[in-house]
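Summary of the model geometry
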Amino acid sequence: MKVLLLTQPMPAAPFIDAISALAPELELIEYRSSLGDASLAAIDVAIGWSMPPGLAARMPRLGWVCSIAAGVEKLLVPDLAPHVVVSRTVDPAQAAGMAQFVVAMVLRHARDLERYAAQQQARAWLRQPTPLATHRVAVLGTGAIGGEVVRWLERVGFRARGWSLRSSETLHQVLAESDITVCALPLTEATEGILDARAFAAMPRGSYLVNVARGAHVVEADLIEAVRSGQLSGAALDVQRREPLPADDPLWHVPGITITPHIAAQSSTEVIAAQFVAALRTLQFGGSVPNAIDRSLGY
Ligand code: OXD
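The sections below set out a description of the structure shown in this document. Along each chain, the written sequence defines residue order, and numbers are assigned to residues from 1. Where local features are concerned, this predicted model is filtered to residues with pLDDT of at least 70; where side-chain atom pairs are given and counted, the filter is 80 or more; whole-chain, interface and lining totals use all residues. Side-chain numbers come from the whole structure's heavy atoms, not from hydrogens or water.

**Details of the side chain of Thr258**
Going along the chain from the N terminus, every DSSP run of H or I of four or more residues is numbered as a helix, and every run of E of two or more is numbered as a strand. Structurally, Thr258 can be placed in strand β11 (residues 257–259). Here a polar contact is recorded for every N or O atom pair within 3.5 Å, except that within protein the pair must consist of a potential hydrogen donor and a potential acceptor, and residues adjacent in sequence are included only if both atoms are side-chain atoms. There is a polar contact of 2.7 Å between the side chain of Thr258 and the side chain of Arg108. Leaving out residues up to four positions away in the same chain, Thr258 has contacts with Arg108, Glu114, Tyr208, Ala235, Ala236 and Leu237. Note on contacts: a residue pair is in contact if any heavy atoms of the two residues lie within 4.5 Å.

**Observations concerning unusual backbone geometry**
For residues besides glycine, phi is generally negative; the peptide bonds are generally trans as well. With an omega of 10 degrees, the peptide bond between Gln8 and Pro9 qualifies as cis. Along the chain, Pro9 turns up in the loop between β1 (2–6) and α1 (13–22). Cis geometry marks the peptide bond from Glu243 to Pro244, where omega comes out at -5 degrees. Inspection of the secondary structure assignment puts Pro244 in the loop between β10 (232–237) and β11. Even without glycine at this site, Asp112 takes up a positive phi of about 60 degrees. Even without being glycine, Arg123 reaches a positive phi, approximately 50 degrees.

**Observations regarding the sheet that holds β1**
Taken in spatial order, the five strands make up an open sheet running β2-β1-β3-β4-β5, and their pairing is parallel. Each edge of the sheet is formed by a strand with only one pairing partner; in this case those strands are β2 (27–30) and β5 (85–87). Shown here is a sheet whose adjacent strand axes are inclined to one another by a mean of 20 degrees, direction ignored. Axis geometry follows a simple rule: fit a line to the C-alpha atoms, using only the stretch in contact for helices, then measure angles between N-to-C directions, giving values from 0 to 180 degrees. Along the sheet face, α1 touches β1, β2 and β3 (45–48) and points at about 175 degrees away from the line of β2. By the convention used here, strands pair only if DSSP detects at least 2 bridges between them.

**Notes on the site of the ligand**
A molecule or strand has a residue near it when one of that residue's heavy atoms lies within 4 Å. Around the ligand lies a shell formed by Ala69, Ala70, Gly71, Gln94, Arg214, His262 and Ala265. In this structure, an oxygen atom belonging to the ligand sits 2.8 Å away from a side-chain N or O atom of Arg214. One of the side-chain nitrogen or oxygen atoms of His262 is found 2.7 Å away from an oxygen atom of the ligand. Accessibility throughout is a Shrake-Rupley quantity obtained with a 1.4 Å probe, and a residue counts as covered only by protein chains that appear here. For the ligand, whose free accessible area comes to 210 Å², the fraction covered by protein is 91%. Throughout, the ten residues Ala, Val, Leu, Ile, Met, Phe, Trp, Tyr, Cys and Pro are labelled nonpolar, Asp, Glu, Lys and Arg are labelled charged, and all others, Gly among them, are labelled polar. Its residues assigned to classes, the shell around the ligand comprises three nonpolar, three polar and one charged.

**Looking at the environment of Ser167**
You can see Ser167 is positioned in the loop between β7 (159–163) and α6 (171–176). Burial classes: relative accessible area under 20% of the type maximum marks a residue as buried, over 50% as exposed, and values in between as partly exposed (1.4 Å probe, protein chains only). On the basis of relative accessible area, Ser167 is assigned to the partly exposed category, the value being 25%. Sequence spacing of Ser167 and Val150 is 17 residues, and the spatial spacing of their C-alpha atoms is 15 Å.

**A look at the environment of Ala104**
Along the polypeptide, Ala104 turns up in helix α3 (residues 92–110). Between the alpha carbons of Ala104 and Leu153 there is a distance of 9.8 Å; along the sequence they are 49 residues apart.

**Describing the pairing of β2**
The pairing of β1 with β2 spans four bridges and is parallel. Following the sheet pairing, Val3 is matched in β2 by Leu28. Crossover connection from β1 via α1 to parallel β2: handedness right-handed. A clockwise course of the path from the first strand over the helix to the second, judged with the strands pointing away from the viewer, identifies a crossover as right-handed.

**Description of α1**
Within the sequence span of α1, burial applies to Phe15, Ala18 and Ile19. Buried residues in α1, looked at end-on, bunch into an arc of 95 degrees, giving them a common side. Across from the buried face of α1, at angles greater than 90 degrees, the exposed residues are Asp17 and Ala21. At its buried positions, α1 is contacted by β1, β2, β3 and α9 (269–284). Along the arc lie the directions from the helix axis toward the C-beta atoms.

**Examining the packing of aromatic side chains**
The rule is short: rings of Phe, Tyr and Trp, with Trp giving its six-membered ring, pair when the centres are within 6.5 Å, and they are stacked under 30 degrees, edge-to-face over 60, tilted in between. For the structure on display, the rule yields one aromatic pair. Considering the side-chain rings of Trp64 and Phe276, the 5.0 Å spacing of their centres and the 20 degrees angle between planes classify their relative orientation as stacked. With Trp64 in strand β4 (residues 64–67) and Phe276 in helix α9, this pair connects stretches of sequence that are 212 residues apart. As far as burial versus exposure is concerned, Trp64 and Phe276 are alike and both buried.

Nothing here speaks to function; it is all geometry.
And the structure:
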């Protein structure tokens, strides 16, 4: 069986080592733009992060694409034939890592820790009232990651609730009743730009946003305006529309906006390889691929 690795911007070598340790019979081929039509025509399976434009149409044998990430949107290209199964990695350690990052950002905001960092810079020893933080947090996304984020936030004292497109309440109703919003949604046509000027206006004044999903969920110009005007007190953006975020992007310079370089949590190479090979064995024994997404929904 021939497997194409599409791991860029991550190197393919660690994935090749981890997969071939578990399934030495597989022919693992790292993607290069110079791969010819004959090589591509023989590919059965692809595993990776994104599908370069035009590539899927050159792989007529392709039956399964496995995402090395929780998100699959960069693999769902228009030329991917409808019968191709797309699956994702579901790593409980990644969900826990995401939850840790969100808890860190939410606590930092809710306990006003940035104020004390600024006070230390100014050598100002000033005490403020410090009530227990019990803010209302809306977690957008109720999948493996969103669910874990809700559980961790509740454990440290926040009043967290999940919301998804299938919830009975509208997004804006939920935002209006929350002090902090966390985005953990899949990126689909229905969720792109969902956090826009109307969403920010629906939030109570002084709300805070944490985005650990995809940059394209946020209309960044609207967010900058909302933070500059004080409608939002700030945001922690682990993901941005343009990654890596260019040095001249205005997001870098907005007081209250924290930028981190998509590090909230990743699946480990070992877990990805183990899930990929286990799914392959299931497929070989006539079963269906675990963690397959619904292509009509995009997640
Ligand atoms: C993911 C990610 O989707 O790391 O898993 O962004």
